[in-house]
Every structure is written in C-alpha cells, then in structure tokens.
Amino acid sequence: MSEIQSIIERGPVRLRGRDRRSLNLSTKLTPSEAKAIEEAASRAGKTPSEWARDLLLRNVAVGSHSELEMHIFTELVGIQMLLMGTLEPLLRGDKMPQDQLAVLFRQVQTTKAMKAQELLAKRGQRLEK
C-alpha cells in the first residue's frame, strides 16, 4: 500500500510559476514494473517521476467524470482528430488514398483516449490556477 510522507515543509514559495512540491508519494514495484515505467517515461520524454505525477493527476481529473461522460468525450476527441486529419487535404483539393485513410483511422483509435485525458488534465491545471 502506498504512503504519503511529508518532506521538510517550506513556506509557500513559488518555483517556475508553480507551488513548491513538498509531499512525497511512494510505492514498491517489481523490477519488470519499474522497467516498464522507465520505458514509458522515456517514450514521453519525461523522467519517471514526472511521468508518474502526470498520470496520477490526469487520473484524478478523469475520476471526477462518469464512465459514460468519459466515453462520449473520448469519441468527440476522436471525431475532432479525424476531421483535422482529413479536412485539410480535402480542402486543398487533394484526394486521400484508402490506405492513408485506414492509417488515420487506426491512429485515431489508438490515441484518442490518451488525447482526451491530456485535454482534461490541461483543463484541470488551468482551473487550479
């Protein structure tokens, strides 16, 4: 089970436009779990701590919405991604080959949930400020 431990409490100093982080959350992982987290963080261009913090906070924001609301929002994000990927070439008068459209469909299907969570996390950060 995870524990929240206080670090030395400091005053409300702001760092790079944000409040000082003064609490630590820890958990134990197997070597394979740690490796998977390090690889995911690396793919995202983040340290494992940054990656985990973003994921935890994103899930806090997502947790405030019902499953149906999240599904609908995710589908709307998918539709937006599909429109953005197809309208520009079509408006230029280009034809989109079937294989290119199939690739776009697969890309939208695999990334729409992540994009929806990112949008909610960004919205949550703006609301906190």
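In this text, all values refer to a predicted model and were calculated from it rather than measured experimentally. (Residues numbered from 1 in each chain as written. Predicted model: local features only at pLDDT ≥ 70, side-chain atom pairs only at ≥ 80, totals over all residues. Heavy atoms only, no water.)

Q: Can you help me understand the overall build of the chain in this one?
A: Along the chain, the regular secondary structure elements total 4 helices and 4 strands. Each helix (α) and strand (β) of the chain, taken in turn from the N terminus, gives the series β-β-β-β-α-α-α-α. Taking as baseline every contact in the chain between residues at least 6 positions apart, the subset at least 24 positions apart corresponds to 45%. (Helix = DSSP H or I, 4+ residues; strand = E, 2+ residues; numbered from the N terminus. Contact = heavy atoms within 4.5 Å.)

Q: In this structure, what is going on with the pattern of salt bridges? I would like to understand it.
A: Opposite charge on two side chains permits pairing when their charged atoms draw close. Scanning the entire structure with this criterion turns up 5 salt bridges. K35 is the partner of E39 in a salt bridge, and the nearest nitrogen-oxygen pair spans 3.9 Å. Here the residue E39 and the residue K35 both occupy positions in helix α1 (residues 31–43), the gap between them amounting to 4 residues, near one helical turn. For E39, a relative accessible area of 38% gives the class partly exposed. (Salt bridge = Lys/Arg side-chain N within 4 Å of Asp/Glu carboxyl O. Buried < 20%, exposed > 50% of the residue type's maximum accessible area, 1.4 Å probe, protein only.)

Q: I keep staring at a nonpolar patch on the surface and nothing clicks. Help me out?
A: Side chains of L68, I72, L76, I79, L83, L87 and L91 sit close together on the surface and give an oily, nonpolar patch of about 710 Å² of accessible area. Here I72 lies in helix α3 (residues 67–91). (Patch = residues over 30% accessible without salt bridge, like charges linked within 9 Å, V, L, I, M, F, W, Y side chains within 5 Å. Areas by Shrake-Rupley, 256 points an atom, 1.4 Å probe, with all protein chains shown as cover.)

Q: What should I look at first to understand α1 in this one?
A: Since one α-helical turn is 3.6 residues long, residues separated by three or four positions face the same way. Between its first and last C-alpha atoms α1 spans 18 Å; for 13 residues at 1.5 Å apiece the expected length is 18 Å, and the two agree. Immediately beyond the C-terminal end of α1, within one or two residues, lies G45, with a positive phi of roughly 75°. (Expected span 1.5 Å × (residues − 1).)

Q: Explanation requested: α3 in the structure shown.
A: The end-to-end C-alpha separation of α3 is 36 Å, in line with the 36 Å expected for 25 residues at 1.5 Å each. Following α3 by one or two positions, G93 has its phi on the positive side, about 90°.

Q: Looking at this structure, I do not really get the confidence of the model for the chain. What am I missing?
A: A low pLDDT means the predicted coordinates there should not be read in detail. Of all residues in the chain, 78% have pLDDT values of 70 or greater, and the mean over the chain is 81. By mean pLDDT, strand β1 (residues 3–6) is the weakest element of the chain at 49, and α1 is the strongest at 92. (pLDDT = per-residue confidence, 0-100.)

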